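A closer look at the structure
Here is how the chains run, residue by residue.
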Amino acid sequence: MVLLHVLFEHAAGYALFAVKEVEEIGMLLPQVEASVLSLGKFNSMVSLAAFFPFKSAQAALENMNAISEGVVHADLKLFLETNLPQSGKKKSVLGVSDGKIGAALQEELSSSIQTGGVVAEITRGLRLHFHSLVKGLTALAASKAQLGLGHSYSRAKVKFNVNRADNMIIQSIALLDQLDKDINTFSMRVREWYGYHFPELIKIVSDNSMYCRLAQLIGNRKELSEENLESLEEVVMDSAKAQAILDASRSSMGMDISPIDLINIERFSSRVVSLAAYRLELQEYLRSKMSQVAPNLAALIGEVVGARLISHAGSLTNLAKYPASTVQILGAEKALFRALKTRGNTPKYGLIFHSTFIGRAAAKNKGRISRYLANKCTIASRIDCFSELPTSVFGDKLREQVEERLSFYETGDVPRKNVDVMKEALKEATDVAAEIKRKLEKKEKKRKKREKKLQELGENGEANGDAEVENGEEDNTLKKKKKKKQAAEEMEAQAEEAPSGENGEETSAKKKKKRKAESEEVEEAPDAEDGAEETETPAKKKKRKSEAMDTQPEETPETPVTEKKKKKKKKDAAE
């Protein structure tokens, strides 16, 4: 007796169903197919053995990715080991819908796996009636879980590195080709339009963008003179051509043109010149983008040809999947199918014909070098697609190999072996990768330091802001107090100026009287008294000095001090 269990993977979780009467069901397959549609009949054949719901949307996505890649997730392994019967009289068989996950489960588990036959029909019925077989699960909840998981799974699959997006290369090379066509068409329109007025300029200047710049500069040819010769030389970059344009303008056979027509021609030619300038910027952008996305392919075959190969293949991954024979004739599909239909010669090259190598090769060696170049392009595209750190080391080495092969076809010099070249490239690539990693680590450290500094500054700024508010209030109060003090001092000084002037007049009169009295006493007094006065005078001087020093730090008026001195002098004179 065989006991069949069927594993069913749903967006809500894993479910294990036990199938009844597997032998009878196996014999009556048409009846099984009919009974799958009715829930009553199907429920009698299948019963839910175990159900493991996913804890979160992230867990569901992880399990879904593992199943799509054919890997047994830890949750699935634990669920089957716990709920699948391992021993007993009945032999247990696990039914799985996908053969890839079935092979992985057979390696992980000891039980036998069945993938085809009746399992497919039972899985179809489980998919139809799953929400009815699991308790607590409604059809709306099951559909929401499926929709959410489907969106997250698609988003995870589409997710790519922003710096290595080949979609931008596809769009930029398409725009570059379109710009080439448009600039060519518009410049021919300018030539035809301005040629009515100055037809000789077409023969002198062949470059389209230069012709448009000259049409914008010259305008009316009759106004062209020797003064404009320098500006003409700047545009043409040739003094002989500039002189030829000047001579032709004097003897031109063109018709006269109105100012309004000239204004329109100048406007249109300025638009064409700006388009040509934008084309150069776009080409530089494409070059920088190719150095990020496919540096080896760009180093080997050039940015423009490499971008055309990626665009024609659809993506860098598709180009990496192509064999070398497909890359060789990529872009020449019409010629290939026409040759197959008419049983003629198949094309030797497609888009890679625009590379310099095939143009440099001799006619008999063009097919051989195109085959060799397609082989190297395939290697370069695979390295670019699947390498973690993009470097152009392998592309440079592959280019050297193609150069050596060209010289071998021409001169017979034996090229180096591919093994030796790849060994050298691997050594250089490891060194370059280590250097890039070191630079990335430095950048990451600097970025973290900046973030820390910004956080600290933010925290300090908040604290300083509060402190500044408090300090500001204190400063305002101190400033107000200082202003009040200054105002009071000014009022006192003004009040002191008036009495000080009056006292100054009185003191001068008293000094004169005192001097007269002292002179009389000096004449009448004896020599002894004179000696005593002389001994007393230095002491008086010291007193005066000390009193003056005391009065200096204080901002008090000098009038009371002078009055005291006068009184002392009068007393001394009376004695």
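Residues numbered from 1 in each chain as written. Predicted model: local features only at pLDDT ≥ 70, side-chain atom pairs only at ≥ 80, totals over all residues. Heavy atoms only, no water.

1. Some remarks on a nonpolar patch on the surface
On the surface, Trp-193, Tyr-196 and Met-255 cluster together into a nonpolar patch covering about 330 Å² of accessible area. Looking at the secondary structure, you find Met-255 in the loop between helix H13 (239-250) and helix H14 (259-293). The class for Met-255 is exposed, based on a relative accessible area of 51%. (Patch = residues over 30% accessible without salt bridge, like charges linked within 9 Å, V, L, I, M, F, W, Y side chains within 5 Å. Areas by Shrake-Rupley, 256 points an atom, 1.4 Å probe, with all protein chains shown as cover. Salt bridge = Lys/Arg side-chain N within 4 Å of Asp/Glu carboxyl O. Helix = DSSP H or I, 4+ residues; strand = E, 2+ residues; numbered from the N terminus. Buried < 20%, exposed > 50% of the residue type's maximum accessible area, 1.4 Å probe, protein only.)

2. With respect to the pattern of salt bridges
Following the criterion strictly, the structure yields 17 salt bridges and no others. In this structure, Arg-287 engages Glu-284 in a salt bridge whose closest nitrogen and oxygen atoms are separated by 2.8 Å. Taken together, the positions of Arg-287 and Glu-284, both in helix H14 and 3 residues apart, correspond to about one turn of that helix. In this structure, Glu-444 engages Arg-447 in a salt bridge whose closest nitrogen and oxygen atoms are separated by 2.3 Å. Of this pair, Glu-444 and Arg-447 both sit in helix H23 (residues 418-524), 3 residues apart, which is roughly one turn of the helix. Given a relative accessible area of 38%, Arg-447 falls into the partly exposed group. Here the salt bridges share partners, and the residues they tie into one network are Lys-397, Glu-400, Glu-404, Arg-416, Glu-424 and Glu-428.

3. Quick look at the packing of aromatic side chains
In the structure shown here, the tally under the stated rule is 12 aromatic pairs. Here the aromatic rings of Phe-51 and Phe-130 are separated by 6.1 Å at their centres, their planes lie at 55 degrees, and the arrangement is tilted. Placement of the pair is Phe-51 in strand S3 (residues 46-53) and Phe-130 in helix H7 (residues 118-133), with a sequence separation of 79 residues. For Phe-51, a relative accessible area of 29% corresponds to the partly exposed category. The buried category is assigned to Phe-130, whose relative accessible area is 2%. In this structure an aromatic cluster arises from ring pairing among Phe-8, Phe-17, Phe-51 and Phe-130. (Phe/Tyr/Trp six-rings, centres within 6.5 Å; stacked < 30°, edge-to-face > 60°.)

4. With respect to the nonpolar core
Membership of the largest hydrophobic core comes to 47 residues, with the highest contact counts inside it found for Met-290, Leu-297, Leu-300, Ile-301, Ile-310, Leu-319 and Leu-373. When residues in this core are grouped by element, the largest group, 7 residues, is from helix H21 (residues 366-386). Contacts of Ile-310, omitting those with residues within four sequence positions, involve Asp-166, Ile-170, Met-290, Ala-294, Leu-297, Ser-315, Leu-316 and Leu-319. Listed in part, the 24 residues of the second largest apolar core include Phe-198, Val-205, Tyr-211 and Leu-262. (Core = buried A, V, L, I, M, F, W, Y, C linked by side-chain atoms within 4.5 Å. Contact = heavy atoms within 4.5 Å.)

5. A few points about a positive patch on the surface
There is a patch of like positive charges on the surface, built from Lys-439, Lys-442, Lys-443, Lys-445, Lys-446, Lys-448, Lys-449, Arg-450, Lys-452 and Lys-453. The residue Lys-448 is located in helix H23 in this model. (Lys, Arg positive; Asp, Glu negative; His and termini not counted. Charge placed at Lys NZ, Arg CZ, Asp CG, Glu CD.)

6. Points about the packing of helix H9 (residues 166-195) against helix H11 (residues 208-218)
H11 packs onto H9 with a crossing angle of 40 degrees between their chain directions and a minimal axis gap of 9 Å. Taken together, the axis directions place H9 and H11 in an arrangement best described as oblique. Seen along the crossing, H9 lies across H11 with a hand that is left-handed. In this structure, H9 contributes Asn-184, Ser-187, Val-190, Arg-191, Tyr-194 and Gly-195 to the contact, and H11 contributes Asn-208, Tyr-211, Cys-212, Ala-215 and Ile-218. Looking at the contact of H9 with H11, its residues break down into 6 nonpolar, 4 polar and 1 charged. (Axes fitted to C-alpha atoms, helices over the stretch in contact; angles between N-to-C directions. Parallel < 35°, antiparallel > 145°, perpendicular 65-115°, else oblique. Left-handed = near helix turned anticlockwise from the far one by under 90°. Nonpolar A, V, L, I, M, F, W, Y, C, P; charged D, E, K, R; others polar.)

7. A look at the environment of Ser-56
Structurally, the position occupied by Ser-56 is in the loop between S3 and helix H4 (57-68). Between the alpha carbons of Ser-56 and Ala-12 there is a distance of 9.4 Å; along the sequence they are 44 residues apart.

8. Here's the deal with the packing of H21 against helix H22 (residues 393-411)
One way to put it is that H21 packs onto H22 with a least axis distance of 10 Å and a crossing angle of 170 degrees. As summarised for this structure, H21 and H22 are arranged roughly antiparallel, according to the angle between their axes. Facing Arg-368, Ile-369, Tyr-372, Leu-373, Lys-376, Ile-379, Ala-380 and Ile-383 of H21, the residues of H22 in contact are Phe-394, Leu-398, Gln-401, Val-402, Arg-405, Leu-406 and Tyr-409. Among the residues forming the contact of H21 with H22, the class breakdown is 11 nonpolar, 1 polar and 3 charged.

9. Thoughts on the side chain of His-197
For His-197, the position within the fold is in the loop between H9 and helix H10 (201-204). Side-chain polar atoms of His-197 contact the side chain of Asn-220, separated by 3.3 Å. In this structure His-197 touches Gly-219, Asn-220, Arg-221, Ser-252, Gly-254, Met-255, Asp-256 and Ile-257, once residues within four positions along its chain are discounted. (Polar contact = N/O pair within 3.5 Å; in protein donor to acceptor, adjacent residues only side chain to side chain.)

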